[in-house]
Amino acid sequence: MTGQEIIDEFYEFVDDDTMDATRALHLANVAYDRVNAKRLWHYLDCTDSSKTIIAGTRSYALPSDFLYTRTIKLYSSTSKFDAPLKPVPFRDRSRYEGVQGFYYIDIKNSTLVLTYDPPTADVGKTIYHDYAYQPAALMTSTSPVFNRAFHPILVYEMARMYWYSEQDEKDRSWNTEANNEYMIMYNDMISWDARLDAGMEPDMNPQEAWVNLED
């Protein structure tokens, strides 16, 4: 479904086609961002390998579409991949000052920061930053990056926000039947996404394997 098709289905679902087109597209993108940020989805996995360790340099720019970090490893053609660097909460960074093998994310300055000065042996190594990216905003002519079977989930997410802001107090509780449909599709989407991970154990429960970012 394109952004316009999602908006058209939303109009029909809530039985209201009077919403301004600009506002409807904005609502679609709010819904899109909310779904993408709910979990560490496999479909958002990507790698930035454009940076190398520089002598005396601790800070390296995050990708412009950065959402969450997965893993960070250093690579060289001679030693191959090193063990993954370990993440440190920004607030605890001072406790690891000078300790090799750790990093933290400085969101305000959009940087990945090592807690130590790179040793000579690491200079020139490539930083392999596996992360979840934030997809570009939807346009009326573009489609969500996840499988088309789940595109209608944005219609439900838009309707949830619409009913809360537009309807009277009774309807703000969100229609039970619609919410059930939303949760069925959301859980199916989790299962589909989990299968994208080739390393997932056959008996793994996707619901238990993932961190719910809303908790």
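K.L.:
It is not clear to me how the sheet that holds strand S1 (residues 45-52) should be interpreted in this structure. Could you clarify?
P.N.:
Pairing between sheet strands relies on hydrogen bonds along the backbone, with the strands arranged either parallel or antiparallel. Judged by pairing direction, the sheet is antiparallel, and its 4 strands sit side by side in the order S1-S8-S3-S4 without closing on themselves. Sheet topology places S1 and strand S4 (80-81) at the edges, where each strand pairs with a single neighbour. Both strand S3 (residues 66-76) and strand S8 (residues 126-133) contribute to a ladder of 8 bridges, which runs antiparallel. For Thr69, the partnering residue across the bridge sits in S8 and is Tyr131.

K.L.:
Would you explain the side chain of Asp122 in this entry?
P.N.:
Position of Asp122 relative to the elements: it lies in the loop between strand S7 (111-114) and S8. Setting aside its immediate chain neighbours within four residues, Asp122 contacts Ile53, Leu74, Asp82, Gln100 and Tyr116.

K.L.:
What's the story with the environment of Gln134 in this structure? I'm lost.
P.N.:
With respect to the helices and strands, the residue Gln134 is situated in the loop between S8 and helix H3 (153-166). According to the relative accessible area criterion, Gln134 is partly exposed, its value standing at 39%. Sequence separation between Gln134 and Ser64 is 70 residues; the distance between their C-alpha atoms is 8.9 Å.

K.L.:
Please explain the packing of aromatic side chains as it appears in this structure.
P.N.:
For any pair of aromatic rings, geometry is given as the distance between the ring centres together with the angle between the planes. Going through the model one piece at a time under the given rule, you end up with 14 aromatic pairs. On the basis of an interplanar angle of 45° and a centroid distance of 4.8 Å, the ring pair of Tyr96 and Phe102 is categorised as tilted. Exposure remark for Phe102: the relative accessible area of 17% places this residue in the buried category. When the ring of Tyr182 is compared with that of Tyr186, the centres are 6.2 Å apart and the planes differ by 10°; the resulting orientation is stacked. Taken as a pair, Tyr182 and Tyr186 lie in helix H4 (residues 176-195) at a separation of 4 residues, close to a single helical turn. Side by side, Tyr182 and Tyr186 carry an identical accessibility label, which is buried. Sitting over the ring of Tyr104, Arg93 keeps its end group 6.0 Å from the ring centre.

Criteria and thresholds
- Residues numbered from 1 in each chain as written.
- Predicted model: local features only at pLDDT ≥ 70, side-chain atom pairs only at ≥ 80, totals over all residues.
- Heavy atoms only, no water.
- Pairing = 2+ DSSP bridges.
- Helix = DSSP H or I, 4+ residues; strand = E, 2+ residues; numbered from the N terminus.
- Contact = heavy atoms within 4.5 Å.
- Buried < 20%, exposed > 50% of the residue type's maximum accessible area, 1.4 Å probe, protein only.
- Phe/Tyr/Trp six-rings, centres within 6.5 Å; stacked < 30°, edge-to-face > 60°.
- Lys NZ or Arg CZ within 6 Å of the ring centre and 35° of its normal.

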